[in-house]
Amino acid sequence: MKRSPTLPLATAVTLPASVDNPHYRQIGGEQAVRRLVERFYQLMDELPEARAIRAMHPPDLAPAKEKLFLFLSGWLGGPPLYAERHGPPRLRQKHLPFPIDTAARDAWMACMNRALEEQVSDADLRAQLAASFFKTADFLRNQP
Ligand code: HEM
């Protein structure tokens, strides 16, 4: 998906830094993104430090998993599946009902960093992805 000056700010800011983003291919394509999302939510379910953010989600995580997979496909530079099915992600607006402070951001990142450590063996790629996820998670923060 090309970044365009006409995109709403919330959409533009949640895109990763590079327009020609090779991350989707580097990480291993669709199956690898699905595995990452699966493990991420499993960790959110299990890690004590994620209890507060797990409680913001409904008991059934399947719809959240599917939406995060669709979103990450485009965000990582692969097929823009979320936008095709649901329109512009407007992630900041969609997260406003949830109180996201630095602790919530860090809990989300703890799950994602652990999933990345387990599933992305290339250290440079892992560091780039972790930095991009952090930028987005911090952008979604809506509490001091
Ligand atoms: C910073 C901490 C974060 C918290 C506490 C959080 C929490 C949530 C919650 C509670 C939902 C609703 C789930 C549901 O109703 O099934 C949600 C949806 C979603 N989140 Fe997050 N999230 C965070 C960060 C992120 C990040 C960094 C991304 C992307 C990289 C992301 C992507 C999404 C997507 C794509 C959805 C589905 C939106 C939709 O309804 O279409 N979230 N999040």
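Residues numbered from 1 in each chain as written. Predicted model: local features only at pLDDT ≥ 70, side-chain atom pairs only at ≥ 80, totals over all residues. Heavy atoms only, no water.

A word on the packing of helix H3 (residues 29–46) against helix H5 (residues 62–75)
Two measures define how a pair of helices packs: the angle their axes make with one another and the distance between the axes. How we decide: Fitted lines through C-alpha atoms give the axes, limited to the stretch in contact for helices. The angle between two N-to-C directions lies from 0 to 180 degrees. Helical segments are the DSSP runs of H or I of at least four residues, strand segments are the runs of E of at least two, and each set is numbered from the N terminus. Should an angle fall under 35 degrees it is called roughly parallel, over 145 degrees roughly antiparallel, and 65 to 115 degrees roughly perpendicular, with every other angle called oblique. The handedness criterion is simple: a crossing whose near helix is rotated anticlockwise from the far helix by less than a right angle is left-handed, and one whose near helix is rotated clockwise is right-handed. It only takes one pair of heavy atoms within 4.5 Å for two residues to be counted as in contact. When residues are grouped by polarity, Ala, Val, Leu, Ile, Met, Phe, Trp, Tyr, Cys and Pro land in nonpolar, Asp, Glu, Lys and Arg in charged, and all others, Gly among them, in polar.
Look at H3 against H5: their axes get within 9 Å of each other, and the N-to-C directions meet at 140°. Overall, the two elements H3 and H5 adopt an arrangement that is oblique. Both H3 and H5 take part in a crossing whose hand is right-handed. Touching Glu 30, Val 33, Arg 34, Val 37, Glu 38, Phe 40 and Tyr 41 of H3 are Ala 64, Lys 65, Glu 66, Leu 68, Phe 69 and Leu 72, all from H5. Its residues assigned to classes, the contact of H3 with H5 comprises eight nonpolar, no polar and five charged.

As for the side chain of His 23
Rules: The rule is simple: take the accessible area with a 1.4 Å probe, protein chains only, and divide by the maximum for that residue type; under 20% is buried, over 50% is exposed, in between is partly exposed.
In this structure, His 23 sits in helix H2 (residues 23–27). According to the relative accessible area criterion, His 23 is buried, its value standing at 8%.

A few points about the side chain of Asn 21
Stated precisely, the cut-off is as follows: Two N or O atoms count as a polar contact when they lie within 3.5 Å, although within protein this holds only if one can serve as hydrogen donor and the other as acceptor, and sequence-adjacent residues are included solely when both atoms are side-chain atoms.
Looking at the secondary structure, you find Asn 21 in the loop between helix H1 (9–14) and H2. Polar side-chain contacts of Asn 21 include one of 3.2 Å to the backbone oxygen of Trp 75. For Asn 21, the side chain forms a polar contact with the main-chain oxygen of Leu 76, separated by 3.3 Å.

Structural notes on unusual backbone geometry
Backbone geometry at Arg 90 places phi at a positive 40°, although glycine is not the residue there. Summarising the element assignment, Arg 90 is placed in the loop between helix H6 (81–86) and helix H7 (91–95). By relative accessible area, which is 33% here, Arg 90 ends up partly exposed.

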